[in-house]
Amino acid sequence: MIQAAKHEKVLVRVRINGKLYAEEVEPRRLLSDFLREDCGLTGTHVGCEHGVCGACTVRVNGAAVRSCLMFAVQAADAEITTVEGLSLDGSRHPLQDALSECHGLQCGFCTPGILMSAAEFLEEHQDPTTEQIQEMLSGHLCRCTGYKGIVEAIAKVAKEQKDR
Ligand code: FES
Ligand code: FES
């Protein structure tokens, strides 16, 4: 349990994409700002800052969460994966390839958040229906693509996983 006076900074230690980070932050520091500004991981995008658009989604202890709705101190000692963590060895994640192949992105603003939710979704759904994919994507706003290519990309990776 972390306790601090209102403006007193607290030390937050987290493991992000396998690497340890330790930063002093104000208790009100959002996890999204912590990741982008304190840790330099700008792959996580911030759109609405109100939990609506899904752009800021990262995985905290495996769960896809909106990092604009969480304080950095709440993630203390957690294992976090950001979009940078999907391609640590320099090769693209299958979802990244599929989004590219299926024309599932244009400006790319929504893409990091969708990737993180889709990665969690595919771990939990071996053979998802189109409706299940659409339902998962209902938590992510994309102003460019019309979603068709994104749905196709996720279905493609699901099929590849199933056929393996
Ligand atoms: S920036 Fe977090 S949900 Fe939109
Ligand atoms: S690709 Fe532009 S918002 Fe989704």
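Presented here is an overview of the structure given in this document. Just so it is clear, the model here is predicted, and its values are computed rather than measured.

Notes on the overall build of the protein chain
Part 1 of the reasoning: Looking only at helices and strands, the protein chain features five helices and five strands.
Part 2 of the reasoning: For a compact globule of 164 residues, the expected C-alpha radius of gyration is about 15 Å, and the protein chain comes in at 16 Å, within 12% of that figure.
Part 3 of the reasoning: Structurally, the protein chain occupies a C-alpha span of about 50 × 30 × 25 Å along its principal axes.
Part 4 of the reasoning: By the burial criterion, 43% of the 164 residues in the protein chain qualify as buried.
Part 5 of the reasoning: Long-range pairs, those at least 24 residues apart, make up 54% of the contacts in the protein chain with a sequence separation of at least 6.
Part 6 of the reasoning: For the protein chain, the accessible surface area stands at approximately 8900 Å², while carbon and sulfur atoms represent 48% of it.

Describing the sheet that holds strand 3 (residues 57–60)
Part 1 of the reasoning: Reading across from one edge, 2-1-5-3-4 is the order of the five strands in this open sheet, with mixed pairing throughout. Strand pairing shows two members of the sheet lacking a second neighbour, strand 2 (19–25) and strand 4 (63–66), which therefore form its edges. Put simply, the sheet's adjacent strands are angled 40° from each other on average, direction ignored.
Part 2 of the reasoning: Sheet topology places strand 1 (residues 10–16) next to strand 5 (residues 79–81); two bridges connect them, and they run parallel. Bridge pairing in strand 5 places I16 opposite I80.
Part 3 of the reasoning: In the packing of helix 3 (residues 111–124) onto the sheet, contacts are made with strand 3, strand 4 and strand 5, and the angle to strand 3 comes to roughly 40°.

Comments concerning helix 4 (residues 130–137)
Part 1 of the reasoning: Taken as a whole, helix 4 has its buried residues at I133, M136 and L137. Considered in projection along helix 4, the buried side chains sweep an arc of 95° and stay on one side of the axis. In helix 4, the exposed residues that point more than 90 degrees away from the buried face are E131 and E135.

Concerning the pairing of strand 1
Part 1 of the reasoning: Here strand 1 shows one buried face, formed by V10, V12, V14 and I16, and one open face, formed by L11, R13 and R15.
Part 2 of the reasoning: Examined bridge by bridge, strand 1 and strand 2 share seven bridges and lie antiparallel to one another. Residue pairing across strands places I16 opposite K19, the latter belonging to strand 2.
Part 3 of the reasoning: Linkage of strand 1 to strand 2, two consecutive antiparallel strands, is achieved through a turn of two residues, within which N17 is found at a positive phi near 50°.

Focus: the packing of helix 4 against helix 5 (residues 148–163)
Part 1 of the reasoning: Relative orientation of the contacting elements helix 4 and helix 5 amounts to 120°, with a least axis distance of 10 Å. When the axis of helix 4 is compared with that of helix 5, the two are oblique. For helix 4 against helix 5, the interelement crossing comes out right-handed. Where helix 4 abuts helix 5, its residues T130, I133, Q134, M136 and L137 lie against I150, V151, I154 and A155.
Part 2 of the reasoning: Residues that form the contact of helix 4 with helix 5 fall into these classes: seven nonpolar, two polar and no charged.

Re helix 2 (residues 94–101)
Part 1 of the reasoning: Three or more residues of helix 2 are buried, namely L95, Q96, A98 and L99. Down the axis of helix 2, the sector holding all buried residues measures 165°, keeping them to one side.
Part 2 of the reasoning: Where the residues of helix 2 are buried, they touch helix 3 and helix 5.

With respect to the pairing of strand 3
Part 1 of the reasoning: Every second residue of strand 3 is oriented toward a common face, with T57 and R59 on one face and V58 and V60 on the other, all of them buried.
Part 2 of the reasoning: Bridge analysis of strand 3 against strand 4 gives four bridges, and the strand direction is antiparallel. In the sheet register, V58 faces strand 4, and the bridge partner there is V65.
Part 3 of the reasoning: Hairpin connection, strand 3 to strand 4: the antiparallel pair is bridged by two residues, and N61 has positive phi, about 50°.

Here is what the cut-offs are and how they apply
- Residues numbered from 1 in each chain as written.
- Chains lettered and ligands numbered in written order.
- Predicted model: local features only at pLDDT ≥ 70, side-chain atom pairs only at ≥ 80, totals over all residues.
- Heavy atoms only, no water.
- Helix = DSSP H or I, 4+ residues; strand = E, 2+ residues; numbered from the N terminus.
- Rg over C-alpha atoms; globule rule 2.2 N^0.38 Å.
- Buried < 20%, exposed > 50% of the residue type's maximum accessible area, 1.4 Å probe, protein only.
- Contact = heavy atoms within 4.5 Å.
- Areas by Shrake-Rupley, 256 points an atom, 1.4 Å probe, with all protein chains shown as cover.
- Pairing = 2+ DSSP bridges.
- Axes fitted to C-alpha atoms, helices over the stretch in contact; angles between N-to-C directions.
- Arc of directions from axis to C-beta.
- Parallel < 35°, antiparallel > 145°, perpendicular 65-115°, else oblique.
- Left-handed = near helix turned anticlockwise from the far one by under 90°.
- Nonpolar A, V, L, I, M, F, W, Y, C, P; charged D, E, K, R; others polar.

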